[in-house]
Amino acid sequence: MSHIGSYEERIKDFSWAIAEKELDYKEGDMINIGWYCSDRICKMGKSSKLALIWEGLMGQERKLTYDDLRKTSNTVGAMLRKLGIKPEDRVCLFMDKIPELYIGLLGVLKIGAIAQPLFSAFGDESLFVRLENAGTSAIITQKKHAPKVRKILDRLPNLKHMIIVDFDPSKELQPGEVAFDLWNTPWVDELEIHPTYAESPSILHYTSGTTGQPKGVKHVHYSLISQYLTTKWVLDVQEDDIYWCTADPGWVTGTSYGIIGAFCMGATQCVMDVGFSAEAWYKFIEKHRITMWYSAPTAIRSLMKAGDEIIKKYDLSCLRHLASVGEPLNSEAVIWSERVFGKPFLDTYWQTETGSIMISNYPGMKIKPGSMGKPFPGITACVLDTKTFLPIEETGKIGLIGFKPGWPSMMRMYWNNEETYKNKFKNGWYLPGDRSSIDNEGYFWFVGRDDDVINTGGHLVSPFEVESALLENEMVAESAVVSKPDDINMEVVKAFVTLKPGFEGNKDTELMIMNFIRKKLSPLAMPQEIEFVPNLPKTRSGKIMRRILKAKEWGEEIGDTSTLEDD
Ligand code: WT7
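Keep in mind it's a predicted model, so treat the numbers as computed, not measured.

Participant: Honestly, the overall build of the protein in this entry has me stumped. Any pointers?
Facilitator: The helix and strand tally for the protein stands at 17 helices and 28 strands. In terms of C-alpha radius of gyration, the protein reaches 23 Å, essentially the compact-globule figure of 24 Å for 567 residues. C-alpha atoms of the protein, sized along the principal axes, occupy 70 × 65 × 50 Å. Taking all 567 residues of the protein together, 60% fall into the buried category. In the protein, 69% of the contacts between residues at least 6 apart in sequence involve partners at least 24 apart. Approximately 23,100 Å² of the protein is accessible, and the part contributed by carbon and sulfur atoms is 51%. If you average the places of the 66 positive and of the 77 negative side-chain charges in the protein, the two averages end up 2 Å apart.

In structure tokens form, the structure reads like this:
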């Protein structure tokens, strides 16, 4: 049993007003996530409490109290205001996991602007389509990423300012560039917080679909209500916890639970800007006495692979609660964590569009390894028939997950794309696009996605985006991108490519094309394998049949090929 009571108790007479009350919020009041995550905690008498413990790539360390977080985010807000950034302008945060990213997001929100975090490993093309779509006014970045921005600047008329947080003063700034060194700037003690309300836009996250360009998922300040309560009830974060969310704020887990969740609770949050290594991770947990750890299946599988011996070198007895998100958490990983850490990783299911945890295993609840658990109180979830979109009553039958719209952190719109937004609803249900079954005790069992989007290590990659980028390579005539199975990342990107006359498909060509995609899009989108083929399977109308190629990779039945051109 956890300190917040049992799941059954929580679900009885549930109302989001519980969170509103704990946050001293009433309908119609101002609500600003930046203020809630810093100023409010200080007002509650916790100014000197540690908010952020950060470790950098070179072993650097920074510790910020809640008062530091309040003042530094004020300073970012004031700087942006001075540049002329207005409420609802989009400000992109394009940084590694450095303190400026965490502080910057709160600063942007405090002045009522919309924060657009983007994964810093994105190449220029990935960056371009998202900045263009959002009509972004300013980007905050590091000098090492600035060249990618400069390369696309002339195609982005709305992008007026590039703020560089570690600019080398011996160099010369280009027009529109601003050097902003937060650590050598007087901090702003008083900032007028922009009066944002429940429905004022807050964060714009980009997510990939099967067709078309990535979609901007618009969230609002009221999302805090869901983020606060799920952090408390699912992640079990309490005031005195030392919390570590391993996600990058370029993705939604890294903002909802890697920034907002712990800060609005007034807990201490740890951040490590170092790539994965089992030793480094265990050392980090031991050193900071981390009590609550939120991670992802790919990382857990990598830790399993590193072996049990290495765990014995560290004192990890500080860990109190573990949770996971992003992709299916296999039962082996749950059982393994229970054995080596003495606690299971609890699976949680949600997505960029839902803004907060929707289905999960709760502290104290019976865990069924391999199941995603049950809906959060206040969330009505079901599985729907794929044709009628009516809830399936029968247990164990597979259908599309459906959520009754209306929870606080639900997306409000896809940026400039109302049509795609509307298509996410059928028969009054919001469809996240995943398939699941429900057992006789109400537990959800994830089956798979209902589209061709590739989930590699918990990151969604659109086959369409990779195919479009491949076509820009001078050697490529046609391509089809599918997933293939992978022990650690669950799935990885694989490309089938036909080459233009005069080019030969060999190891060198493969490497050149892989590199091309890594630079243009990102390391995640880079195909791990390219298979050169003389032609691709197509329907009679000329559409490439990814389904056939995918089935082959997964050793599955190919299914109906009656519309195939020639088999
Ligand atoms: C998609 C959302 C918000 C989490 C970070 C990813 C898949 C997410 C699980 C899980 C199986 C999962 C779904 C979902 N997914 N959690 N526990 N078990 N699959 O956010 O990039 O919007 O991806 O990730 O397919 O729709 P995202």
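From this point, the narrative continues.
Participant: Looking at this structure, I do not really get the side chain of threonine 348. What am I missing?
Facilitator: Mapped onto the secondary structure, threonine 348 falls in strand 14 (residues 345–349). Look at threonine 348 and you get buried, because its relative accessible area is 2%. Of note is the side chain of threonine 348, whose polar atom sits 2.6 Å from the side chain of tyrosine 294.

Participant: Sorry if this is basic, but what is going on with the nonpolar core here?
Facilitator: Burial of nonpolar side chains together is a common tendency in soluble globular proteins. Membership of the largest hydrophobic core comes to 98 residues, with the highest contact counts inside it found for Leu80, Tyr294 and Phe403. Here this core gets eight residues from one element, more than from any other, and that element is helix 10 (residues 252–265). Among residues more than four places away in sequence, those in contact with leucine 80 are Ile85, Val91, Val108, Ile111, Ile140 and Ile163. Counting 28 residues, the second-largest nonpolar core is a separate cluster that includes Ile53, Trp281, Leu303 and Ile311.

Participant: I keep staring at the pattern of salt bridges and nothing clicks. Help me out?
Facilitator: Should their charged atoms come close, side chains of opposite charge can pair. Evaluation of the coordinates by the stated rule reveals 41 salt bridges. For arginine 320, the salt bridge identified is with aspartate 236, shortest N-O distance 2.9 Å. With arginine 320 in the loop between helix 12 (297–306) and strand 13 (321–325) and aspartate 236 in the loop between helix 9 (224–233) and strand 10 (242–245), this pair connects stretches of sequence that are 84 residues apart. Given the relative accessible area of 32%, arginine 320 is considered partly exposed. For lysine 368, the salt bridge identified is with aspartate 439, shortest N-O distance 2.8 Å. Here lysine 368, found in the loop between strand 15 (359–360) and strand 16 (374–375), pairs with aspartate 439, found in the loop between strand 22 (434–438) and strand 23 (444–449); they are 71 residues apart in sequence, far enough to count as distant. Comparing lysine 368 with aspartate 439 shows no difference in burial state: the two are buried. If you follow the salt bridges from partner to partner, you end up with Lys484, Lys494, Glu529, Glu531 and Glu553 in one network.

Participant: How should the domain arrangement of the protein be read in this particular structure?
Facilitator: In many reports, interface size means the accessible area that the parts give up when they come together. What the domain assignment reports for the protein is domain 1 (2–436) and domain 2 (454–554). Counting each side, the surface lost to burial between domain 1 and domain 2 is near 1,700 Å², with a carbon and sulfur contribution of 55%. Glutamate 465 is paired through a salt bridge with arginine 130; the nearest N and O atoms lie 3.4 Å apart. Between domain 1 and domain 2 we count eleven residue pairs in polar contact (both at pLDDT 80 or more) in total. Within the residue set of the side of domain 1 that touches domain 2, elements represented by two or more residues are helix 7 (124–134) and helix 12. Within the side of domain 1 that touches domain 2, the residues separate by chemical class into seven nonpolar, twelve polar and six charged.

Participant: Please explain helix 15 (residues 463–471) as it appears in this structure.
Facilitator: Quick reminder: α-helices carry 3.6 residues per turn. Residues three or four places apart thus point the same way. Every buried residue belonging to helix 15 is among Pro463, Glu465, Val466, Glu467, Ala469 and Leu470, and all of these are buried. In this structure, the buried residues of helix 15 make contact with helix 7, strand 25 (459–461), strand 26 (476–486), strand 27 (490–499), helix 16 (507–520) and helix 17 (546–553). Among the residues of helix 15, the N-terminal cap falls to serine 462, whose side-chain oxygen and the backbone nitrogen of phenylalanine 464 are separated by 3.1 Å.

Participant: Can you walk me through the layout of surface pockets in this structure?
Facilitator: It is a probe the size of a water molecule, rolled over the atoms, that shows where empty space is left. When its volume is computed, the second largest pocket comes out at roughly 290 Å³. Trp54, Gln60, Ile98, Glu100 and Gln142 are, among the 17 residues lining the second largest pocket, the residues nearest its centre. Here the residues of the lining of the second largest pocket are counted per class, giving eight nonpolar, two polar and seven charged.

Participant: How should the site of the ligand be read in this particular structure?
Facilitator: Contacts to the ligand come from 18 residues, most closely from Asp347, Thr348, Gln351, Thr352 and Asp434. Here a nitrogen atom of the ligand sits 3.2 Å away from a polar atom, N or O, in the main chain of glycine 326. Between the ligand and glutamine 351 there is a distance of 3.1 Å, counted from an oxygen atom to a side-chain nitrogen or oxygen. In isolation the ligand has 560 Å² of accessible area, and contact with the protein removes 96% of it. Elements with a minimum of two residues in the shell around the ligand: helix 10, strand 14 and strand 23. For the shell around the ligand, the element with the most residues is strand 14, which contributes three residues. A breakdown of the residues in the shell around the ligand according to their chemical character gives eight nonpolar, six polar and four charged.

Participant: I keep staring at unusual backbone geometry and nothing clicks. Help me out?
Facilitator: Across the chain, the bulk of peptide bonds are trans and the bulk of non-glycine residues have phi less than zero. With phi around 60°, aspartate 236 is a residue other than glycine that occupies positive phi space. Given the relative accessible area of 4%, aspartate 236 is considered buried. The backbone of asparagine 427 shows a phi angle near 55°, a positive value even though the residue is not glycine. Within the secondary structure, asparagine 427 is located in the loop between strand 20 (425–426) and strand 21 (429–430).

Basis of the calculations
Residues numbered from 1 in each chain as written. Predicted model: local features only at pLDDT ≥ 70, side-chain atom pairs only at ≥ 80, totals over all residues. Heavy atoms only, no water. Helix = DSSP H or I, 4+ residues; strand = E, 2+ residues; numbered from the N terminus. Rg over C-alpha atoms; globule rule 2.2 N^0.38 Å. Buried < 20%, exposed > 50% of the residue type's maximum accessible area, 1.4 Å probe, protein only. Contact = heavy atoms within 4.5 Å. Areas by Shrake-Rupley, 256 points an atom, 1.4 Å probe, with all protein chains shown as cover. Lys, Arg positive; Asp, Glu negative; His and termini not counted. Charge placed at Lys NZ, Arg CZ, Asp CG, Glu CD. Polar contact = N/O pair within 3.5 Å; in protein donor to acceptor, adjacent residues only side chain to side chain. Core = buried A, V, L, I, M, F, W, Y, C linked by side-chain atoms within 4.5 Å. Salt bridge = Lys/Arg side-chain N within 4 Å of Asp/Glu carboxyl O. Domains from an automatic or database assignment. Buried area = accessible area lost by both parts, 1.4 Å probe. Nonpolar A, V, L, I, M, F, W, Y, C, P; charged D, E, K, R; others polar. 1 Å grid on protein atoms, 1.4 Å probe; cavity = no way out; pocket = protein on both sides within 12 Å on 5 of 7 lines; lining within 4 Å. Points joined across faces, edges and corners; volume = space filled by probe spheres on them. Near = heavy atom within 4 Å.

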